[in-house]
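Single-letter residue listing:
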Amino acid sequence: MDFILVKPHFHPHVALIQLNRPKELNALNLQLMAQLRDALRQLDAEEVVRTIIITGNDRAFAAGADIKEMAGKSAVDMLITDQFATWDQIRKTKKPVIAAVSGFALGGGCELAMTCDMIVASETAVFGQPEIKLGIMPGAGGTQRLTRAIGKAKAMEMVLTGKTLSAHDAERFGLVNRVVPVDLYLDEAVRLASEIASMSPVAVRLAKESVNRAHETSLDEGLHFERKNFYLCFASEDQKEGMQAFVEKRPANFKGK
């Protein structure tokens, strides 16, 4: 059964992945996550694709992990399954990934949205890490990415109480890029993805790596990494085209080379 729908040519240079377990509010089971990992890997390798959107439906991006799948497992079962190895592979996607979120983005759904590079939310979006209510805690990055996004105090409150954030509060705290009416959230994600896709794919990839490095290293190490990627841009044909187009006062035609 296909738990995701993949449209590689949803929009010029933009691919769409739709989570497809509507009856389960797109609960993230092992099969869905494996399909998502494989789809991202394939799209990452397709030259025509420059940005990727992950979405659910108006009611739910993903309401969490599949609790029925996990309820009876032991610590050893979870260790052997090593489901988070799939999440690590998703995180390593080289092309920009945008989450288009409407409705519930809870638990694993919130973690999946935060694994993406940007989040466009509808006014109905709700974000949270309610795992504490089940006697567990976030395990796919919730305690780490949420803290980096909204700060320690607010993240601590959400993780320890299971309280949620509305879309507008999520924007206010810096968790999402923007909030739009529910009938426009996918269109807005496509607009953002298309804007990024119009840039040099080489520069976009290097810039994404550099921004991510800011969360993972010291300032000195991040600056060193940024500088090397900046220099590397000058080995690309896109750099020559972009600067020549600027001098000639014309739009640049980037080819990702």
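Preceding this paragraph is the structure being described.
My aim in this report is to walk through the structure given alongside it, one point at a time. (Residues numbered from 1 in each chain as written. Predicted model: local features only at pLDDT ≥ 70, side-chain atom pairs only at ≥ 80, totals over all residues. Heavy atoms only, no water.)

Structural notes on the sheet that holds strand β10 (residues 178-180)
Strand order in the open sheet formed by six strands is β1-β2-β3-β5-β7-β10, with mixed pairing between adjacent strands. Every interior strand has two partners, whereas the edge strands, β1 (4-11) and β10, have only one. Pairwise comparison of adjacent strand axes, ignoring direction, gives a mean angle of 20 degrees for this sheet. One ladder, built from three bridges, connects strand β7 (residues 118-122) with β10; its direction is parallel. Counterpart to Val120 in the pairing with β10 is Arg178. Strands β1, β2 (14-19), β3 (51-55) and β5 (97-101) of the sheet are contacted by helix α1 (residues 30-45), whose axis makes an angle of about 25 degrees with β1. (Pairing = 2+ DSSP bridges. Helix = DSSP H or I, 4+ residues; strand = E, 2+ residues; numbered from the N terminus. Axes fitted to C-alpha atoms, helices over the stretch in contact; angles between N-to-C directions. Contact = heavy atoms within 4.5 Å.)

Focus: the pattern of salt bridges
Close approach of charged atoms lets side chains of opposite charge pair. Inspection of the entire model under this criterion finds 14 salt bridges. As a salt-bridge pair, Asp117 and Lys208 come within 2.8 Å of each other at their nearest N and O atoms. One end of the pair, Asp117, is in the loop between α5 (108-115) and β7; the other, Lys208, is in helix α10 (residues 201-216), and 91 residues separate them in sequence. A salt bridge links Glu195 to Arg191; its shortest N-O distance comes to 3.2 Å. Of this pair, Glu195 and Arg191 both sit in helix α9 (residues 185-197), four residues apart, which is roughly one turn of the helix. Residue Glu195 is classed as partly exposed on the basis of its relative accessible area of 40%. The class of Arg191 is partly exposed, set by a relative accessible area of 40%. The network of salt bridges with common partners includes Arg178, Glu188, Arg191 and Glu195. (Salt bridge = Lys/Arg side-chain N within 4 Å of Asp/Glu carboxyl O. Buried < 20%, exposed > 50% of the residue type's maximum accessible area, 1.4 Å probe, protein only.)

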